[in-house]
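The residues making up each chain are set out below.
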Amino acid sequence: MKKILLTLAFAFSIMQVCNAQLFSTATGNISFFSKTPVEDIDAHSKTGLGVMNIEKLEMAFKVANPSFEFHNKLMQEHFNEKYMESEKYPFSQFSGKINEAVDLTKDGEYKVTVTGKLTIHGVEKGRTISGVIVVKDGQINIKSDFKVLVKDHNIEIPKLVTAKIAEEITVSVDITLLPKK
Amino acid sequence: MINQMKKIFTGIALFIFALNVSAQDDLLNMIEKETPKTSTPVYATFKSSRIINMQSNENMKAKHMDFRIQHRFGTTENGAYDFFGLDVAQMRLSFDYGVTDRFMIGVGRNTMNKTYDGYAKYQLMQQKTKGKNSFPIGITYYGNMAINTLTFADPTRDNFFSSRLTYCNQIIFTRKFNDYISVAISPTMVHHNLVSTGTNDIYALGIGASFKITRSTRFNVEYIPRLNGRNDIKDSKGNPMYYDAFAFGFDIETGGHVFQLHFTNAQGLIEQQFITENTNKIAFNTLRFGFNLSRTFSFDKSRK
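On a predicted model such as this, the values are computed, not experimentally measured, just so you know.

Undergrad: Even after reading the chapter, I still don't get the overall build of chain A, so can you show me in this structure?
TA: Along chain A, the regular secondary structure elements total two helices and nine strands. Moving toward the C terminus, one meets the helices and strands of chain A in the order α-β-β-β-β-α-β-β-β-β-β. Along the first, second and third principal axes, the C-alpha atoms of chain A reach 70 × 35 × 25 Å. Put simply, chain A has 181 residues, and 50% of those count as buried.

Below you can see the structure in the form of structure tokens.
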């Protein structure tokens, strides 16, 4: 009896792993913008990592801070050295769950909100972020623009450059996920 | 045997169950496992392409230009009479340009001996953090050539253009130990085509260090002992003519500018001058105030 139960449990757990509808990518586009009257700064990473479970409607994203490319390499260095402290906090990440009951196995465009945790500069914040999910040809595309307040994540901007760096940064995400093998 | 099997089965089953709980964190963990552990070059070993007088391993990145104004005032030994040396000033203006992210060229003009200099600097190896392809130190080559354009001291004798030329070759070994401490050791060779007495080739070992104080300021110190020809040239009193260069100072960085404020006993702003032609002892009253001012411009307009 015990044996059968164990075998069942084992088979069931294996099934769960195999059935999990996972989509993933290692080439997500993540960019951010800082706009002030003095200076516009934007940076772009093409190596955002993402995984999504379309059954449980859960998702997780992660990006290496040094992978953000700036036009001005000095800004890139300062971004890593002075603001993100990438040696201490190498990644920024978000994980959350879709609030709406959507069926992502069917093609279509879905406006959703996702509630979860956003971690930047080692500071975790509960956030609800809205975005659009497009399911088409077996691919899932996620697009979202959201704001991040630098002071929410304990990122201090020296007085001397306050005119150049916005307090509110717009983060823009455009990630296409493929079925995970 | 069966008991053992059972245990193993239970173990595996539990393990896989455990994998399935708390799925959001799970997804993050899944990414974690798949994140390639490739190493990236360390950044900001030093704040600027110069530690103080010495070259650091830092380069201008591709299509970035650094406009640099370096000043050295007179020694403080005359006190208020020449305003602690500020009446006397010599300077160097230079443009540094990044050809690639690791290769930089530059030209400069020095007040001292009306010297023009041109140089190249290449990061042979970059220090990389732990992971695949990590490398513990940075190795950088720096070479320059300088032309002294003073009129010849004795126009009556046969003077050759080649006697105006001096060279410097340097390998810069650097290591950023952590966020707060970086060190450079630079074996250096300076060659003078023409010397009055003594040797044409002077070898020296540059030693420099940088300590982070805040996100925008650092304390730097450097000392460049010569390894040969130290007492070859004597002044009229029989004392050595030239001394080793020493310097300490602060970096203050404000966005696109780096201000380096320091005290040094050395005069001259290229290796030929501050390593091999420095006539000041290391002493309190022979220190001089100086600054380097660096402004970086980016010409990189490409869409990333």
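Undergrad: Can you help me understand the domain arrangement of chain B in this one?
TA: Accessible area lost during the coming together of the parts is what is often quoted as the interface size. Examined at the domain level, chain B breaks down into domain 1 (2-34) and domain 2 (64-298). Taking only C-alpha atoms, the centre of domain 1 of chain B and the centre of domain 2 of chain B are 60 Å apart.

Undergrad: Just checking my understanding: could you explain helix 2 (residues 73-83) of chain A for this structure?
TA: Residues and elements named next belong to chain A. A large share of helix 2 lies buried, amounting to ten of its eleven residues. Of the residues making up helix 2, those classed as buried are Lys73, Leu74, Gln76, Glu77, His78, Phe79, Asn80, Glu81, Lys82 and Tyr83. By the N-cap criterion, in which a side-chain oxygen at the helix start approaches the backbone nitrogen of a residue two or three places on, helix 2 is capped by Asn72, the distance to Leu74 being 2.9 Å. One or two steps after helix 2, the chain reaches Glu85, where phi turns positive at roughly 50°.

Undergrad: Even after reading the chapter, I still don't get the pattern of salt bridges, so can you show me in this structure?
TA: With the rule as written, the count across this model stands at 15 salt bridges over all chains. We note a salt bridge from Asp103 of chain A to Lys106 of chain A, for which the minimum N-O separation is 3.2 Å. Overall, Lys106 of chain A belongs to the exposed group, its relative accessible area being 53%. Glu253 of chain B is the salt-bridge partner of Lys47 of chain B, the closest N and O atoms lying 3.6 Å from each other. Here Glu253 of chain B lies in strand 10 (residues 245-254) and Lys47 of chain B lies in the loop between helix 2 (23-34) and strand 1 (64-75), a separation of 206 residues in the sequence. Assessed through its relative accessible area of 10%, Lys47 of chain B is described here as buried. Look at Glu253 of chain B and you get buried, because its relative accessible area is 3%. Through salt bridges that share partners, Glu81 and Lys82 of chain A together with Lys47, Asp179, Lys212, Arg218 and Glu253 of chain B make up one connected network.

Undergrad: When you look at the nonpolar core in this model, what are you seeing that I'm missing?
TA: Nonpolar side chains in soluble globular proteins generally cluster together in the buried interior. One finds Met52, Ile98, Leu104, Ile133 and Ile140 of chain A to be the most contacted residues of the largest nonpolar core, which totals 42 residues. Membership of the second largest hydrophobic core comes to 19 residues, among which are Met60, Tyr119, Ala184 and Ala204 of chain B.

Undergrad: What exactly am I supposed to notice about the pairing of strand 10 of chain B here?
TA: Residue and element names in this part refer to chain B. Both strand 9 (residues 217-224) and strand 10 contribute to a ladder of eight bridges, which runs antiparallel. Of the residues in strand 10, the one forming a bridge with Val221 is Phe248. Of the pairings in the sheet, the one linking strand 10 to strand 11 (residues 257-264) comprises eight bridges and is antiparallel in character. The residue bridging Ala247 from the neighbouring strand is Thr264, located in strand 11. Turn length for the strand 10-strand 11 hairpin, with the two strands adjacent in sequence and antiparallel, is two residues, and the turn residue Gly255 shows positive phi of about 70°.

Undergrad: I tried to follow the packing of aromatic side chains on my own but got confused; where do I start?
TA: Think of a pair of aromatic rings as described by two things: how far the centres are apart, and how the planes are tilted against each other in angle. Taken as a whole and assessed by the stated rule, the structure comprises 15 aromatic pairs over all chains. Arranged with centres 5.1 Å apart and planes meeting at 65°, the rings of Phe32 of chain A and Phe68 of chain A form a pair that is edge-to-face. With Phe32 of chain A in strand 1 (residues 22-35) and Phe68 of chain A in the loop between strand 3 (58-64) and strand 4 (69-70), this residue pair connects regions lying 36 residues apart in the sequence. Here Phe246 of chain B and Phe248 of chain B contribute two aromatic rings whose centre-to-centre distance is 6.1 Å and whose plane-to-plane angle is 50°, an arrangement assigned as tilted. Taking relative accessible area as the criterion, Phe246 of chain B reaches 23% and is therefore assigned partly exposed.

Undergrad: Would you mind showing me how to read unusual backbone geometry here?
TA: Across the chain, the bulk of peptide bonds are trans and the bulk of non-glycine residues have phi less than zero. For Glu85 of chain A, which is not glycine, the phi dihedral falls at a positive 50°. Take Glu85 of chain A: it is sitting in the loop between helix 2 and strand 5 (91-98). The residue Phe83 of chain B is not glycine, and still its phi comes out positive at about 55°. When you line up the elements, Phe83 of chain B lands in the loop between strand 1 and strand 2 (89-98).

Undergrad: Help me understand the pairing of strand 7 (residues 181-192) of chain B, please; the structure alone is not making it clear to me.
TA: Each regular strand shows side chains that alternate between the opposite faces of the sheet. All names here are of chain B. Here strand 7 shows one buried face, formed by Ser182, Ala184, Ser186, Thr188, Val190 and His192, and one open face, formed by Ile181, Val183, Ile185, Pro187, Met189 and His191. Adjacent in sequence and paired antiparallel, strand 6 (residues 165-176) and strand 7 are bridged by four residues. Pairing between strand 7 and strand 8 (residues 201-212): eleven bridges, direction antiparallel. Residue pairing in the sheet places Met189 in a bridge with Tyr203 of strand 8.

Undergrad: I keep staring at the environment of Arg72 of chain B and nothing clicks. Help me out?
TA: Residues and elements named next belong to chain B. Relative to the helices and strands, Arg72 resides in strand 1. Among the residues examined, Arg72 registers a relative accessible area of 0% and is labelled buried. Taking the C-alpha atoms as reference, Arg72 lies 32 Å from Gln127; in sequence the two are 55 residues apart. In terms of polar contacts, Arg72 uses its side chain to reach the side chain of Asn292, at 3.1 Å.

Rules used in this analysis
- Residues numbered from 1 in each chain as written.
- Chains lettered and ligands numbered in written order.
- Predicted model: local features only at pLDDT ≥ 70, side-chain atom pairs only at ≥ 80, totals over all residues.
- Heavy atoms only, no water.
- Helix = DSSP H or I, 4+ residues; strand = E, 2+ residues; numbered from the N terminus.
- Buried < 20%, exposed > 50% of the residue type's maximum accessible area, 1.4 Å probe, protein only.
- Domains from an automatic or database assignment.
- Polar contact = N/O pair within 3.5 Å; in protein donor to acceptor, adjacent residues only side chain to side chain.
- Salt bridge = Lys/Arg side-chain N within 4 Å of Asp/Glu carboxyl O.
- Core = buried A, V, L, I, M, F, W, Y, C linked by side-chain atoms within 4.5 Å.
- Pairing = 2+ DSSP bridges.
- Phe/Tyr/Trp six-rings, centres within 6.5 Å; stacked < 30°, edge-to-face > 60°.

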